[in-house]
Amino acid sequence: MTVEIAHGEANRLLKHLAGPGCYGLVSPLGCGRIALFRTVNGTSLGAGYVTPETVQALEAEGIVSWSRDAKPARLGLALPGRDASVAERAQCGGGALPAPAMDDRESPLLWLYRRAGKDGRPQISDEEFAAGERFRADITLAGMLPRVTMNWDAALTPEQAAAGPRDVAGSSDTALAARQRIRLACDRLGPELSGLAIDICGFLKGLDLVEKERRWPPRSAKVVLRVALAALVTHYGLDRRARQHGIISWQASDGRPNQFPTPG
């Protein structure tokens, strides 16, 4: 990592931590990076990653620190009194940071989860929302989504002209494992439901667009989506009612008969 890239990543981390409800966690994916999150209306949203070297350098300067009060430990600014100086350093002399524009309808699952139905409850349950987000995370890790930014890794592999690896051997173990999980989930859903889940959870297509593309009647995509999410809940084991706990049956040592009728 060059000095310019390290400096830019440090400024990006400081800008993030200076915002309200922003923090960092050790990535749960096991990649060793630090995942950044922001809390919006009680929901934690991802905000990218930074390398652990950047965090260690700022931690050595006493600018950031890990809070041991929460589990897992959260990364934040070290001293509240230094928030202003840190923000000024991150902004490089600029004014106040503008509030990021958030579109709640960007994620159809989040929109359905936050929007109450006629009964006053969310249109999809906690388990259905978690299953859809897990399916979306696997799609992202599998590299199935098109890139919207510059791929700097392509400069390190001059033998490949494309944006990503052309063969399976060029993929990472994380991507291969995610593709295997996607294949198993799609086998569970079937061709029709899997295509719908990929369009809505992965490509974030709206329900109206899905109905228009598939020539479905109005408000039918939500019903089919609920069926797909219910299948994903069972596939991922998020439905506690489908799990078996404790002793299912009990039989004494002499409960099985020792004499059986002879065929004849």
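You'll find the structure just up there.
Just so you know, the residues in each chain are numbered from 1, in the order the chain's sequence is written. Local features are withheld for residues below a pLDDT of 70 in this predicted model, meaning they are given only at 70 or higher, and side-chain atom pairs are given and counted only at 80 or more; totals for whole chains, interfaces and linings count all residues. Excluding hydrogens and water, the side-chain figures rest on all heavy atoms present in the structure.

It is worth spelling out the side chain of Thr 51 at this point. Put simply, DSSP H or I for four residues or longer makes a helix, DSSP E for two residues or longer makes a strand, and each gets a number counted from the N terminus. Within the secondary structure layout, Thr 51 lies in the loop between β3 (43-50) and α2 (52-60). Here's how the labels work: a residue is buried when its accessible area is under 20% of the maximum for its type, exposed when over 50%, partly exposed in between, all with a 1.4 Å probe on protein chains only. Overall, the relative accessible area of 17% leaves Thr 51 in the buried class. For the purposes of these results, a polar contact is taken to be a pair of N or O atoms within 3.5 Å, where, inside protein, one atom must be able to donate a hydrogen and its partner to accept one; residues adjacent in sequence count only when each atom of the pair is a side-chain atom. At a separation of 3.0 Å, a polar atom in the side chain of Thr 51 contacts the side chain of Thr 54.

Right, let's get into the packing of aromatic side chains. Centre distance and the angle of the planes are the two values used to describe a pair of aromatic rings. Stacked, edge-to-face and tilted are the three classes for Phe, Tyr and Trp ring pairs, Trp counted by its six-membered ring, which pair at centre distances within 6.5 Å; planes under 30 degrees apart are stacked, over 60 edge-to-face, the rest tilted. On inspection of all chains with the given rule, the structure shows two aromatic pairs. Consider the rings of Tyr 113 and Phe 129, whose centres lie 4.5 Å apart with planes at 15°: the pair is stacked. On the criterion of sequence distance, the pair formed by Tyr 113 in helix α4 (residues 108-114) and Phe 129 in helix α5 (residues 126-141) is long-range, its members being 16 residues apart. Judged by its relative accessible area of 25%, Tyr 113 is partly exposed. A cation over an aromatic ring shows up here: Arg 74 above the ring of Tyr 23, its NZ or CZ 3.9 Å from the ring centre. We call a charge positioned above a ring when the Lys NZ or Arg CZ atom is no farther than 6 Å from the ring centre and deviates by at most 35 degrees from the ring normal.

With that out of the way, let us pick up the environment of Leu 14. Considering the arrangement of structural elements, one finds Leu 14 in helix α1 (residues 3-17). Considering only alpha carbons, one finds Leu 14 and Val 64, 50 residues apart in sequence, at a separation of 8.5 Å.

Our next topic: α2. If you check which residues of α2 are buried, you get Thr 54, Val 55 and Leu 58. Down the axis of α2, the smallest arc covering the buried residues is 95°, so these residues share one side. Along α2, exposed side chains directed more than 90 degrees from the buried face belong to Glu 53, Gln 56 and Ala 60. Gly 62 lies just past α2 and shows a positive phi near 80°. Of all possible arcs, the one meant is that of the directions from the helix axis to the C-beta atoms.

A word on the pattern of salt bridges. By definition, a salt bridge exists where a carboxyl oxygen of Asp or Glu is found within 4 Å of a side-chain nitrogen of Lys or Arg. Using the criterion set out here, one finds ten salt bridges in the structure. Here Arg 226 and Glu 128 are joined by a salt bridge, their closest N and O atoms 3.1 Å apart. With Arg 226 in helix α9 (residues 221-236) and Glu 128 in helix α5, this pair connects stretches of sequence that are 98 residues apart. Overall, Arg 226 belongs to the partly exposed group, its relative accessible area being 37%. As a salt-bridge pair, Glu 133 and Arg 136 come within 3.9 Å of each other at their nearest N and O atoms.

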